[in-house]
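Inside the fold
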Number of protein chains: 2
Amino acid sequence: MSEVTAKGKAAKKASYQLIGLSTEKKNEALGKIAKQLIIDKDFLIKENQKDLEDGRKKGLSESILDRIMLNGNRIDDMAAAIELLIDLNDPIGEQLETIEKENGLLIKKQRVPIGVIGMIYEARPNVTIDAATLSLKTGNAVILRGSSSAKHSNMALVSSIHKALENTEIPVEAVQLIEDTSRETAKELFHLNEYLDVLIPRGGKNLIETVIKESTVPVLETGAGNCHIFIDQTADITMVEKIVLNGKTQRPSVCNAIEGLLIHEKWFEENGVRILELLDEKGIELYGDEAVCSSFPRAKTATEEDWSTEYLALKLSVKTVKGVSDAIDHINRYGSKHSEAILTGVEQNASAFLNKVDAAAVYHNASTRFTDGFEFGYGAEIGISTQKLHARGPMGLPALTSSKYFIYGQGQIRE
Amino acid sequence: MSEVTAKGKAAKKASYQLIGLSTEKKNEALGKIAKQLIIDKDFLIKENQKDLEDGRKKGLSESILDRIMLNGNRIDDMAAAIELLIDLNDPIGEQLETIEKENGLLIKKQRVPIGVIGMIYEARPNVTIDAATLSLKTGNAVILRGSSSAKHSNMALVSSIHKALENTEIPVEAVQLIEDTSRETAKELFHLNEYLDVLIPRGGKNLIETVIKESTVPVLETGAGNCHIFIDQTADITMVEKIVLNGKTQRPSVCNAIEGLLIHEKWFEENGVRILELLDEKGIELYGDEAVCSSFPRAKTATEEDWSTEYLALKLSVKTVKGVSDAIDHINRYGSKHSEAILTGVEQNASAFLNKVDAAAVYHNASTRFTDGFEFGYGAEIGISTQKLHARGPMGLPALTSSKYFIYGQGQIRE
């Protein structure tokens, strides 16, 4: 039996042991994990150093090394995040529906754990703790498949989790790490339908696309954000400057930052150069259509690829459009169904845009940067779903649950 | 461009035109479809005859021919079902959540259509009308891929739908039938991620398994039901007889009928032969374990395959177990996560069974035959989901919807 199959089987078994575990018992285990991380701090940092050394030898960029890096503060932050998670409402057991039939049958629809969650992710070792603790809070077992670049860190973190779980009612098999980080183990997970109930990829576009294309296990698609702001004819210039800068520069590396700017041609005639100059001053590389490039020669010509690229950097594609309908068409063609904004004073245009743009979150006169589980007040975030089924947009704890019908009778049969 | 790609592209375009359509307009279109079916009755029956003749030549069984057959009554029933659908609440636009942020941002989570639904199904032409009208009611476009055995009927039904839609605001591309019923077009649909938001298989186990294994489009898994009744030590014999007979014989060909009987060994010692004799008298073939076969020689020995078979016929596997924990293990190993029942007088055993059995619907002292959208009062049923994500159990109209965050601001940016 391969490592993946063996751990899958053990996870399924553990998932049955998690059913019916009280919120208190789950929170107690989470508290022990938080404490263990602090106790093991030196060990975790030492193991993390091995990954950093390997990474440096492999020539990984400083930004990737920074993502892998663990230090005292970051470990404190992980433990603090667990304490916040403990305080969140436990969604398991929530009554979603109650149906009383004339024949006396009582039907209750309740939230239950999903079962076994598979998590495939890149670099950041904090995803190991995040995924493990969110899964346990919702009564799920989890199989973690991190990247080779954080292998020692992930193994150390999971060993801390196991130490913490030893004196709880949660079996250690509820959290398991696939130690073989070869491409083969990822492929095995894609087809582990017998033991996995869902697979969640966390990372770059390539990882997510591979999982969607290859996995026969149901996938929760997260993350990729080719987001736009559309500046309508009547948009207020002060608001435009503020929101466009916020969308592009406040944190360019995240999925809810904007990658494309669509400008009504009339607004562009009046204010186009002013906004382009402002963006240029902030060090943003501009990729424009003909109208943009001819009024602002420092902009480069946008290629077809630019329209669909999530730069995650100080780069921005800029296109002039004839109006809201043009803007909607462009976004529905090139966008990644994440977050899209219209800046306008005309209610009718806002309404058309909000309704017709196909995205998880649509904004009228606000920055796309708000699409976030914490900003929405969910207290935790598994990721941002850009798919239509199960969950869409920022996913809080309920996204890690399923439902089940409990039916109580006194001998009823169907006539 | 292939038929599938061309229709996929047209469906996506049509789905955008369906957004924001009022309930009135949608119901008006549904009303016209119901009327058109009645107007076209003779034509529909004539076209259906072609399928029946082809089927007879191919040697299809009488039960399959009966599933394909359309007559005046069945067409009236289709029209009547549409009238009932018109009366159901439109889930689109429902407010699911409202969040007001301190900075004045207003976040509303609303139900929206999914987009484009792909439906792959077998024999029954009524699925064509069902899928088309349920999709339209929820503002979705649909691509129908029926089987070759109902080809003429399906084409005729879709032509009636198109005639009805001509004078409405719904484009005819909102309902399209794939006319090429070769294996290739099914395969194309499995990978039409660009245009399809979900794929729903309706039919036998093989069809459903193929779709799950091959499709990269998200799937709503429906239908297969290897359901059990567990008779606990304290079960009342009168209740047992009534519920077991109902589960097995009231309609053996449906997914919520039982296929396996698990009997506590103590109960079996006392009442085993009596219940087996009763089942035998009703013409049910029994496949038993050692204890069953030795007390009741007319039972055949159950093979490993019997435990996982959905007979959909007057056959039943019977196994003795040591207690509730044994029963749970057997069901979680062999069941199809559909409907499972315990008959017991002991609350604690009922509670363990209901919580630990992994199924969409779990019953205490009632027949599994109640798992049904109409029985639950949903007024419509897309199918019965046996998966954990998005929808589980009988799926009413909300299962054909997604959600979207609408965010209203006055210039807010993230600090």
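Residues numbered from 1 in each chain as written. Chains lettered and ligands numbered in written order. Predicted model: local features only at pLDDT ≥ 70, side-chain atom pairs only at ≥ 80, totals over all residues. Heavy atoms only, no water.

Concerning the pairing of strand β2 (residues 106-113) of chain A
Residues and elements named next belong to chain A. Within β2, six of the eight residues are buried, which leaves the element mostly enclosed by the surrounding structure. In this sheet, β2 lies alongside strand β1 (residues 95-100) in antiparallel orientation, the contact comprising five bridges. Bridge pairing in β2 places E97 opposite K109. The turn joining β1 and β2, which pair antiparallel and follow one another in sequence, is formed by five residues; a positive phi near 95 degrees is taken by G104. Inspection of the sheet shows β2 paired to strand β16 (residues 401-412) by eight bridges, in the antiparallel sense. (Buried < 20%, exposed > 50% of the residue type's maximum accessible area, 1.4 Å probe, protein only. Helix = DSSP H or I, 4+ residues; strand = E, 2+ residues; numbered from the N terminus. Pairing = 2+ DSSP bridges.)

Structural notes on the domain arrangement of chain A
All names here are of chain A. For chain A, the domain assignment lists domain 1 (3-220 + 384-408) and domain 2 (227-370). Distance between the C-alpha centres of domain 1 and domain 2: 35 Å. Of the residues lining the interface, seven residues belong to domain 1; the matching set on domain 2 comes to eight residues. Between domain 1 and domain 2, roughly 600 Å² of surface is buried when both sides are summed, and carbon and sulfur atoms account for 55% of that area. If you sort the residues of domain 1 by the area they bury against domain 2, I384, T386 and R392 come out on top, with a joint share of 63%. Inspection of the domain 1/domain 2 interface yields two salt bridges. Across the contact surface, domain 1 and domain 2 share three residue pairs in polar contact (both at pLDDT 80 or more). The residue inventory of the side of domain 1 that touches domain 2, partitioned by class, reads one nonpolar, three polar and three charged. (Domains from an automatic or database assignment. Contact = heavy atoms within 4.5 Å. Buried area = accessible area lost by both parts, 1.4 Å probe. Salt bridge = Lys/Arg side-chain N within 4 Å of Asp/Glu carboxyl O. Polar contact = N/O pair within 3.5 Å; in protein donor to acceptor, adjacent residues only side chain to side chain. Nonpolar A, V, L, I, M, F, W, Y, C, P; charged D, E, K, R; others polar.)

What about the sheet that holds strand β7 (residues 227-231) of chain B?
Taken in spatial order, the ten strands of this open sheet run β1(A)-β2(A)-β16(A)-β13(B)-β12(B)-β7(B)-β8(B)-β11(B)-β9(B)-β10(B), and their pairing is mixed. One side of each edge strand has no neighbouring strand; the edge strands of this open sheet are β1 of chain A together with β10 (300-301) of chain B.

Quick notes on the interface of chain A and chain B
Contacts between the two partners involve 68 residues from chain A, matched on the other side by 69 residues from chain B. Between chain A and chain B, roughly 6,000 Å² of surface is buried when both sides are summed, and carbon and sulfur atoms account for 53% of that area. Sorting the residues of chain A by area buried against chain B places L389, Y405 and R414 of chain A first, and these three jointly supply 14% of that buried surface. At the surface where chain A touches chain B, the tally comes to eight salt bridges. Summed over the shared surface of chain A and chain B, the result is 47 residue pairs in polar contact (both at pLDDT 80 or more). If one sorts the elements of the side of chain A that touches chain B by residue count, β16 of chain A sits on top with eleven residues. Here the residues of the side of chain A that touches chain B are counted per class, giving 30 nonpolar, 22 polar and 16 charged.

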